[in-house]
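Now for the letters of each chain:
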Amino acid sequence: FLGRHGGCGYYSSAWVDEVSLYHPDISPAEIQTIMYVGPAGKGPPSPVDLLVKLGSEADTAYESNDVHQEIPAGAQIRTQGVAPLSSATYQVKVENDSAAPRSFSLRASEVGDLGWTVQYFVGDQEINSLLHSQTGWDTGILAPGANRAVRVVATPSKTVPGNSAVSAFIQAISGPTANRTWDAIEARTACLPLAQLDLLVRRDSDVNLLGNDVYHP
């Protein structure tokens, strides 16, 4: 029992304060961090950091380093607009903020209108099915401070109306049961209204023009 001395029946005459239970297990280095920070450090500290930028931006555009949120906000939401059949690209960096080598699980979901295609890549490998699985996509072992990048590509079909939108969410989860979200980002894409010449036709005897919003080469 807690406070008992070696099973010989003697108990320490002291108070036990600020008891905390953590799941999954945390490392000795993380325990030490919590101990030195004090009650404000209860959490435990997030071992993983997600950062997002537009695909066209330089690596210096990653913002909100060491900001951890279960629901994306601020600079962990990036937005851009594209025309139908064009693609919006984002880069998501997953970084090991812990003091020991470890792997992390990422999971993705999408919310938005119909007619969009959202794809996820690591290098040239598409990882959609892994990111949408219960266990998520595993980063593999990352050294302290090391990172991997996931590319997000959102494409509206030619039938998607202007101002339609889709959001791709990526979460860093604590394990297969996803009992904790360590960090999350959102990549939000809107379809820009397409200015296009539209030709309509009618016979002299007809009242209405035909062919509105129908386009042929």
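Preceding this section is the structure that the text describes.
Residues numbered from 1 in each chain as written. Predicted model: local features only at pLDDT ≥ 70, side-chain atom pairs only at ≥ 80, totals over all residues. Heavy atoms only, no water.

A few points about the overall build of the protein chain
Along the protein chain, the regular secondary structure elements total 2 helices and 12 strands. In the protein chain, the succession of helices and strands from N to C terminus is β-β-α-β-β-β-β-β-β-α-β-β-β-β. In the protein chain, which comprises 217 residues, the proportion classed as buried is 35%. A separation of at least 24 residues holds for 69% of the contacts in the protein chain among residues at least 6 apart in sequence. (Helix = DSSP H or I, 4+ residues; strand = E, 2+ residues; numbered from the N terminus. Buried < 20%, exposed > 50% of the residue type's maximum accessible area, 1.4 Å probe, protein only. Contact = heavy atoms within 4.5 Å.)

Examining the pairing of strand S7 (residues 116-122)
Among the 7 residues of S7, 5 are classified as buried, and the element is accordingly described as predominantly covered. Note: S7 against strand S10 (residues 147-156), 6 bridges, orientation antiparallel. Bridging from a neighbouring strand, valine 118 pairs with alanine 154 of S10. Pairing analysis gives 2 bridges linking S7 to strand S8 (residues 125-126), with the strands arranged antiparallel. Each residue of the ladder has a partner; that of phenylalanine 121, found in S8, is glutamate 126. Between S7 and S8, which pair antiparallel and follow one another directly, the connecting turn spans 2 residues, one of which, glycine 123, has a positive phi of 65°. (Pairing = 2+ DSSP bridges.)

With respect to the sheet that holds strand S5 (residues 88-96)
Spatial strand order, S3-S5-S10-S7-S8: 5 strands in an open sheet with antiparallel pairing. The sheet is open, and its two edges are formed by strand S3 (48-54) and S8, each paired on a single side.

Details of the environment of serine 157
By the element assignment, serine 157 lies in the loop between S10 and strand S11 (165-173). Judged by its relative accessible area of 25%, serine 157 falls in the partly exposed class. Sequence-wise, serine 157 and serine 86 are 71 residues apart; in three dimensions their C-alpha atoms are separated by 8.4 Å. Excluding its chain neighbours within four sequence positions, the residues that come into contact with serine 157 are Pro84, Leu85 and Gly115.

Topic: the pattern of salt bridges
A complete count under the given rule lists 3 salt bridges for this structure. The closest approach of N and O atoms between glutamate 57 and arginine 78, which form a salt bridge, is 3.0 Å. Within this pair, whereas glutamate 57 is found in the loop between S3 and strand S4 (77-82), its partner arginine 78 is found in strand S4, the two being separated by 21 residues in sequence. The exposure class assigned to glutamate 57 is partly exposed, which follows from its relative accessible area of 26%. Here arginine 78 falls in the buried class, since its relative accessible area comes to 15%. One salt bridge connects arginine 188 with glutamate 186, and the closest N-O pair in it is separated by 3.0 Å. (Salt bridge = Lys/Arg side-chain N within 4 Å of Asp/Glu carboxyl O.)

A closer look at the packing of aromatic side chains
Per the counting criterion, the structure on display carries 0 aromatic pairs. In this arrangement the basic side chain of lysine 53 is found over the ring face of tyrosine 62, its NZ or CZ atom lying 5.7 Å from the centre. (Phe/Tyr/Trp six-rings, centres within 6.5 Å; stacked < 30°, edge-to-face > 60°. Lys NZ or Arg CZ within 6 Å of the ring centre and 35° of its normal.)

Notes on unusual backbone geometry
A positive phi angle is found at serine 64, which is not glycine, with a value near 60°. Checked against the element boundaries, serine 64 lands in the loop between S3 and S4.

Considerations on the sheet that holds strand S6 (residues 105-112)
Hydrogen bonds along the backbone pair up the strands of a sheet, which may run parallel or antiparallel. Taken together, the 5 strands give an open sheet; going across it, the order is S4-S12-S11-S6-S9, and neighbouring strands pair in mixed fashion. What marks the edges here is a single partner per strand, and that holds for S4 and strand S9 (137-138). Where S11 lies against strand S12 (residues 181-191), 9 bridges are found, and the strand directions are antiparallel. Residue serine 167 lies in a different strand from S12, and its bridge partner there is arginine 188.

Remarks on the pairing of S3
Across the 7 residues of S3, 7 count as buried, placing the element largely inside the fold. Both S3 and S5 contribute to a ladder of 7 bridges, which runs antiparallel. Note on S5: the bridge partner recorded for aspartate 49 is glutamate 95.

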